[in-house]
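Residue-level structure breakdown
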Amino acid sequence: KLAHTVRVVSNRTKNTLLKLGVKEEKIIKLSVETNTKNFTHAQKNTALIPGYDPSALYILTVARFVHQKNLSLLIQAFSRITAEFPKAKLLIVGTGSLESSLKKIALNMPIQFLPWSNDVPDLMATADIYALSSNYEGWGRVLIEAEAAGVPIITTDVGCVGEVIQKSIATEIIKTND
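Below is a short write-up of the structure. Remember, predicted model here, so these are calculated numbers, not experimental data. (Residues numbered from 1 in each chain as written. Predicted model: local features only at pLDDT ≥ 70, side-chain atom pairs only at ≥ 80, totals over all residues. Heavy atoms only, no water.)

**Some points on helix α6 (residues 141–149)**
Stated precisely, the cut-off is as follows: Each residue is placed in one exposure class: buried if its accessible area under a 1.4 Å probe, protein chains only, is under 20% of its type's maximum, exposed if it is over 50%, and partly exposed if it falls in between. In DSSP terms, a helix is any run of H or I states spanning at least four residues, a strand is any run of E spanning at least two, and both are numbered starting from the N terminus. Note on contacts: a residue pair is in contact if any heavy atoms of the two residues lie within 4.5 Å.
Along α6, the residues classified as buried are Val142, Leu143, Ile144, Glu145, Ala146 and Ala149. Here the buried face of α6 lies against α2 (37–40), α5 (120–126), β6 (129–132) and β7 (153–155).

**Description of empty space enclosed by the protein**
Gaps between atoms show up when a probe of the same size as a water molecule is rolled over them. We count it as follows: Note on definitions: the grid is 1 Å and covers protein atoms alone; a cavity is a set of points where a 1.4 Å probe fits but cannot get out; a pocket is an open set with protein on both sides within 12 Å along at least five of seven lines; lining residues have an atom within 4 Å of a point. Grid points are joined across faces, edges and corners, and a volume is the space filled by probe spheres set on the points. All residues other than Ala, Val, Leu, Ile, Met, Phe, Trp, Tyr, Cys, Pro, Asp, Glu, Lys and Arg, Gly among them, are scored as polar; the first ten of these are nonpolar and the last four charged.
Inspection of every chain in the model, using the stated rule, returns one cavity of 30 Å³ or more. A volume near 30 Å³ is recorded for the largest cavity. What lines the largest cavity is simply Thr61, Ala63, Lys69, Leu71, Ala131, Leu132, Ser133 and Ser134. Only β3 (57–64) and β6 provide two or more residues apiece to the lining of the largest cavity. Tallied by class, residues from the lining of the largest cavity come to four nonpolar, three polar and one charged.

**Quick look at the packing of aromatic side chains**
Stated precisely, the cut-off is as follows: The pairing test for Phe, Tyr and Trp rings, Trp by its six-membered ring, is centres within 6.5 Å, and the orientation test on the planes gives stacked under 30 degrees, edge-to-face over 60, and tilted for anything in between.
Applying the stated rule across the entire model yields two aromatic pairs. With a centroid separation of 5.0 Å and 15 degrees between ring planes, the pair formed by Tyr52 and Tyr58 is classed as stacked. Taking relative accessible area as the criterion, Tyr58 reaches 0% and is therefore assigned buried. Plain terms: the ring middles of Phe65 and Phe113 are 6.0 Å apart, the flat faces sit at 85 degrees to each other, and that makes the pair edge-to-face. Residue Phe65 is found in the loop between β3 and α3 (71–84), and its partner Phe113 is found in strand β5 (residues 111–114); the two are separated by 48 residues along the sequence. Since its relative accessible area comes to 1%, Phe65 is described here as buried.

Shape is all these values report; function is a separate question.
Here it is in structure tokens:
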């Protein structure tokens, strides 16, 4: 409240600050620029996925292995998906302090942990679904990148969701059948 100016990246953050009593004239919204060129030109590249199975449904997430990203929620949700779609596979790309605990949770599940990669655009183009399970995001640039790559998105309601990523009928179905 004492700042002369507060920069926010989304309407969600702006609205939160307004509710906290920050005056609107102090808030400047300046979204995060996202260069999507590499994602709009991404090519499917099955060689990036060890043991690629063309009949499988691939769900991809790219994240730091930290509490904010809530990858344990994604793994739990994925365990429910495999009951209905036994050929589903979850690809988790990244690294971080929670790696060993996440691998324990994912034990005996069709989940592949891949190291951090510079081939994220092509991984997205190869995946069938992109999933983001974060507890919170300031913006969520990866969602814009996934959208640019043309991959359907399943996400928690964080960051730019609702502002850039719009709800779909599938979102409502998932909420009602939770």
